[in-house]
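Structural overview for review
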Amino acid sequence: MPLALLALAVGAFGLGTTEFVMMGLLPDVADDLHISIPTAGHLVSAYALGVVIGAPLLAALTARLPRRTVLISLMGLFVAGNALSALAPGYDSLLAARFLSGLPHGAFFGVGAVVATGLVAPERKARSVSLMFMGLTVANIAGVPVATLMGQHLGWRATFLGVSMIGVAAMAAVFFLIHPTHTPAPTTGLRGELTALRSLPVWLALATTVVGFGALFSAYSYITPMLTHSAGYAEGSVTLLLALFGVGATIGNLVGGRLADHAMRGTLFGGLASMVAVLLLFPLLMRAEWSAALAVVLLGVAAFVTGSPLQLMVMERAAAGPSLASSANQAAFNLANAGGAWIGGVALAAGFGVTSPSLAGAALAVLGLGVASVAYAVDRRREVPAPAHVRVVASHVPETAEPAHSS
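Residues numbered from 1 in each chain as written. Predicted model: local features only at pLDDT ≥ 70, side-chain atom pairs only at ≥ 80, totals over all residues. Heavy atoms only, no water.

Before going further, it helps to spend a moment on the overall build of the chain. Counting its secondary structure elements, the chain contains 17 helices and zero strands. The globule rule puts the C-alpha radius of gyration for 407 residues at 22 Å, and the 23 Å found for the chain is close to it. Considering only C-alpha atoms, the chain reaches an extent of 95 × 50 × 35 Å along its principal axes. In the chain, 84% of the contacts between residues at least 6 apart in sequence involve partners at least 24 apart. (Helix = DSSP H or I, 4+ residues; strand = E, 2+ residues; numbered from the N terminus. Rg over C-alpha atoms; globule rule 2.2 N^0.38 Å. Contact = heavy atoms within 4.5 Å.)

So this is what it looks like as structure tokens:
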């Protein structure tokens, strides 16, 4: 694998850190800015909204630029957003800065995935995407815990300054490790990118991302009360357990990338089926500390096995203009985050028990299997030619019918 993939992974590490670190800093930010924790929670939503809006918008605006230039520019916007977050004088300005920080997130992953697949042989495409995504999963193991501790001891503003430095390092890595000849300007332009998005298989792939990862976030959004109220962990242990989720996600991401290069569709179906099984077992596994820790790891593995095949599937279905569709897949991921959390919350509010969000997630994973099956059927109809005997009969009919008509 080329060293250039390291540059993409560094950028992904910074993006993953700044996306998830706010959850651990909410009490500190709320105390410093004299706001409630629910109000501070809007800072998480502002970032996600920035991702959803920025992913297709920035991908479209940069459709004709060299992709190396686009990646550096996106990381520059990321640095600016995090620096402004660190310097924000109040809540409103911090909210705007968090939205700005989220704008380049989806476009960087989308364009980065296209660049990553162009750096390797065709049989290693999924693996190259998984290596870029590894920066995101490793952020959950190291980046988020370290950044959270940094914020708790040095102040939350220091965290965002530190994340800005990661962005600067990513810009330098892209500049020095990715050669301009590997990232020429696309020839399709915005019109070609938009035309690729009109494809039904592309939208079915995006729908699979929304529903499949919605299953993950239905459970993961409420993992803390499950661990404390059901498994019996102390609140101080949750940070370490979330790092275990990052370990599982990293394992699943690497395994999924390797398997998808051999059988992309089979890896996707296997990952979604594993999600169903793990989430159905969650209520049982959350009854003891050891099994709850195992459940957290298994959830990460099962969910992120599907990451690379889903990203690659969207890109292949939009082969004529993959950057916009690839970025849209990141927007779909964040829609899954919001939608899955809402559905899990509905199950919890309905009084079905603290582990009920996992069962709601299992239902979403089953729905994801259904959407993936429809996508497979559509692909089969478009790709598989008619059977030989049908073609023979079809070509034979005009030969017999035409003489009869002329006579």
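The next subject is the environment of Arg380. Here Arg380 is to be found in helix α16 (residues 356-383). For Arg380, a relative accessible area of 45% gives the class partly exposed. (Buried < 20%, exposed > 50% of the residue type's maximum accessible area, 1.4 Å probe, protein only.)

Bringing the packing of aromatic side chains into the picture now. The final tally for this structure, using the stated rule, is ten aromatic pairs. A ring pair is formed by Phe109 and Phe133, whose centres lie 5.6 Å apart and whose planes are at 55°; its orientation type is tilted. Note that Phe109 is positioned in helix α5 (residues 91-118) and Phe133 in helix α6 (residues 125-154), a separation of 24 residues in sequence. In this structure Phe109 comes out as buried when scored by relative accessible area, which is 1%. (Phe/Tyr/Trp six-rings, centres within 6.5 Å; stacked < 30°, edge-to-face > 60°.)

Right, let's get into the packing of helix α9 (residues 200-220) against helix α14 (residues 307-317). Between α9 and α14, whose axes approach to 8 Å, the crossing angle comes to 160°. Between α9 and α14, the crossing angle belongs to the class labelled roughly antiparallel. Considering how the two elements wind past one another, α9 and α14 form a crossing that is left-handed. Residues Pro201, Val202, Ala205, Leu206, Thr208, Thr209 and Phe213 of α9 lie in contact with α14, whose contacting residues are Gly307, Leu310, Met313, Val314 and Arg317. Here the residues of the contact of α9 with α14 sort into eight nonpolar, three polar and one charged. (Axes fitted to C-alpha atoms, helices over the stretch in contact; angles between N-to-C directions. Parallel < 35°, antiparallel > 145°, perpendicular 65-115°, else oblique. Left-handed = near helix turned anticlockwise from the far one by under 90°. Nonpolar A, V, L, I, M, F, W, Y, C, P; charged D, E, K, R; others polar.)

Let's shift gears to the pattern of salt bridges. As enumerated under the stated definition, the model contains five salt bridges in all. Asp261 serves as the salt-bridge partner of Arg127, at 3.6 Å between the closest nitrogen and oxygen. Here Arg127, found in helix α6, pairs with Asp261, found in the loop between α11 (238-260) and α12 (264-285); they are 134 residues apart in sequence, far enough to count as distant. Asp261 shares its class with Arg127; the two are buried. The partner of Arg317 in a salt bridge is Asp379, with the nearest N and O atoms 2.9 Å apart. (Salt bridge = Lys/Arg side-chain N within 4 Å of Asp/Glu carboxyl O.)

In this section: helix α7 (residues 156-177). If you check α7, its first and last C-alpha atoms are 32 Å apart, about what 22 residues at 1.5 Å a residue would give, namely 32 Å. By the burial criterion, the buried members of α7 are Trp156, Ala158, Thr159, Phe160, Val163, Ser164, Gly167, Ala170, Ala173 and Val174. Buried residues in α7 make contact with α1 (4-33), α4 (67-87), α5 and α6. (Expected span 1.5 Å × (residues − 1).)

Moving on, we get to the nonpolar core. Judged by nonpolar contacts, the single largest core of 57 residues is most densely connected at Leu216, Leu227, Met275, Phe282, Met286 and Leu299. Of all the elements in the fold, those that place two or more residues in this core are α9, α10 (223-230), α11, α12, α13 (289-305), α14, α15 (322-349) and α16. No other element matches the ten residues that α9 contributes to this core. Sequence-distant contacts of Leu299, defined by excluding residues within four places in its chain, comprise Leu216, Phe245, Met275, Val278, Leu279 and Phe282. Counting 39 residues, the second-largest nonpolar core is a separate cluster that includes Leu8, Tyr47, Val51 and Leu119. (Core = buried A, V, L, I, M, F, W, Y, C linked by side-chain atoms within 4.5 Å.)

Turning our eyes to something else, we now look at the environment of Val276. With respect to the helices, strands and loops of the structure, Val276 is situated in helix α12. Exposure remark for Val276: the relative accessible area of 13% places this residue in the buried category. Val276 sits 47 residues away from Ser323 along the chain, and the two C-alpha atoms are 31 Å apart.

Attention now goes to unusual backbone geometry. Here the phi dihedral of His34 falls at roughly 60°; this positive angle occurs in a residue that is not glycine. Tracing the chain through its elements places His34 in the loop between α1 and α2 (37-40).

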